[in-house]
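# Chains, contacts and geometry: an overview
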Amino acid sequence: MNIYDVIISRRTIRQFEPRPVSRAILEKVVNAGRLAPSAANMQPLEFVVVDDEAVRKEIFPCLKWAAYIQPQGDPRPGHEPQAYIFVLVNARIREKMSEYDVGAAIENMILTALGEGIASCWLISIDRPKAVEVLGIPKHYRVDSVLALGYPAQESRVEEFVDSPKYWQDPDHTFHVPKRKLESVLHFNKF
Ligand SMILES: Cc1cc2nc3c(=O)[nH]c(=O)nc-3n(C[C@H](O)[C@H](O)[C@H](O)COP(=O)(O)O)c2cc1C
């Protein structure tokens, strides 16, 4: 698949196979995040990878899934993520504009994972105090986002956006995500 095909086929996945993701893949994914564009090239981001089963079990309750359809969108027992990548901002380097860096790094990581057959869900609904405690994160770091990863056990399709951004899920966990049409978001030359 070329890059464009990977990008347009990417969908958020919240059900995963009970099959581990190798350290080699996780390192490759973080490396892609490390090399993302960074405002003023300050590189304030650091990453905590969680792949240990016991730590994963502590992290899972810190996360909220698919707010529009809670709790049906939660990973089912046995289909939880096999790894998490916490994206931290080191405030001693720079906090200002770090959200841009996070966005670029996470998309790099999502696409790199996809290239290895690994699906993911980007989360910001995080019980941060609890996650900080579980992971022992020092005070000068801000927990921005989590990328949950694993081999996919769910399909997700783009649907035509009618009047609501709300996604939905079939009983077999196939996901449907409305996206605005190209004509309604694209303006050539003047608006
Ligand atoms: C900044 C950001 C935060 C998100 N936070 C969550 C979250 O906390 N929990 C969750 O289940 N999904 C989360 N998502 C995933 C979105 O729900 C998902 O991207 C959206 O529904 C569109 O689906 P798609 O990624 O398949 O295109 C987040 C996505 C972004 C970009």
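Structure first, text after, so check above.
Residues numbered from 1 in each chain as written. Predicted model: local features only at pLDDT ≥ 70, side-chain atom pairs only at ≥ 80, totals over all residues. Heavy atoms only, no water.

### A short note on the site of the ligand
Around the ligand there are 15 residues in total, and R11, T12, R14, A66 and K179 lie nearest to it. R10 places a polar side-chain atom, nitrogen or oxygen, 2.9 Å from an oxygen atom of the ligand. With respect to the ligand, the backbone of S125 contributes an N or O atom lying 2.9 Å from an oxygen atom. For the ligand, whose free accessible area comes to 630 Å², the fraction covered by protein is 75%. Elements represented by at least two residues in the shell around the ligand include exactly β3 (119-123) and β7 (175-179). Here the element with the most residues in the shell around the ligand is β3; it accounts for three residues. Of the residues belonging to the shell around the ligand, the class tally is eight nonpolar, two polar and five charged. (Near = heavy atom within 4 Å. Polar contact = N/O pair within 3.5 Å; in protein donor to acceptor, adjacent residues only side chain to side chain. Areas by Shrake-Rupley, 256 points an atom, 1.4 Å probe, with all protein chains shown as cover. Helix = DSSP H or I, 4+ residues; strand = E, 2+ residues; numbered from the N terminus. Nonpolar A, V, L, I, M, F, W, Y, C, P; charged D, E, K, R; others polar.)

### Some points on the sheet that holds strand β1 (residues 45-50)
Taken in spatial order, the four strands line up as β1-β2-β4-β3 in an open sheet, and their pairing is antiparallel. In the strand order of this sheet, the two ends are held by β1 and β3, each with one partner. Averaged over all adjacent pairs, the angle separating strand axes in this sheet is 25°, with direction ignored. Of the strands in this sheet, β1, β2 (83-90) and β4 (141-150) are in contact with helix α5 (residues 128-135), which crosses β4 at around 80°. (Pairing = 2+ DSSP bridges. Axes fitted to C-alpha atoms, helices over the stretch in contact; angles between N-to-C directions. Contact = heavy atoms within 4.5 Å.)

### Points about the nonpolar core
In this structure, I85, I106, M109, I118, L147 and L149 are the most contacted members of the largest nonpolar core, which totals 21 residues. For this core, the elements supplying multiple residues, two or more each, are α2 (23-34), β2, α4 (98-115) and β4. Broken down by element, this core gets its largest block of residues, six residues, from α4. Residues in contact with M109, not counting those within four places in the same chain, are V29, V30, G33, F47, I85, V87 and L147. The next biggest cluster of nonpolar side chains, apart from the first, holds 17 residues, and it includes L63, W65, L123 and A148. (Core = buried A, V, L, I, M, F, W, Y, C linked by side-chain atoms within 4.5 Å. Buried < 20%, exposed > 50% of the residue type's maximum accessible area, 1.4 Å probe, protein only.)

### Considerations on the sheet that holds β7
Strand order in this open sheet of three strands is β5-β7-β6, and the pairing throughout is mixed. Looking at the sheet topology across the chains shown, the edges are occupied by β5 (156-160) and β6 (168-169). The sheet contact formed by β5 and β7 spans five bridges and is parallel. Along β7, the bridge assignment pairs E160 with K179.

### Quick look at the packing of aromatic side chains
A full pass over the atoms with the stated rule returns three aromatic pairs. Summarising the aromatic geometry, the rings of Y167 and F175 are spaced 5.1 Å apart at their centres and angled 40° between planes, so their arrangement reads as tilted. The residues Y167 and F175 share a single accessibility class, namely buried. Here the basic side chain of R14 rests over the ring of Y167, its NZ or CZ set 5.2 Å away from the ring centre. The aromatic ring of Y151 is capped on one face by R19, whose charged end is 3.6 Å from the ring centroid. (Phe/Tyr/Trp six-rings, centres within 6.5 Å; stacked < 30°, edge-to-face > 60°. Lys NZ or Arg CZ within 6 Å of the ring centre and 35° of its normal.)

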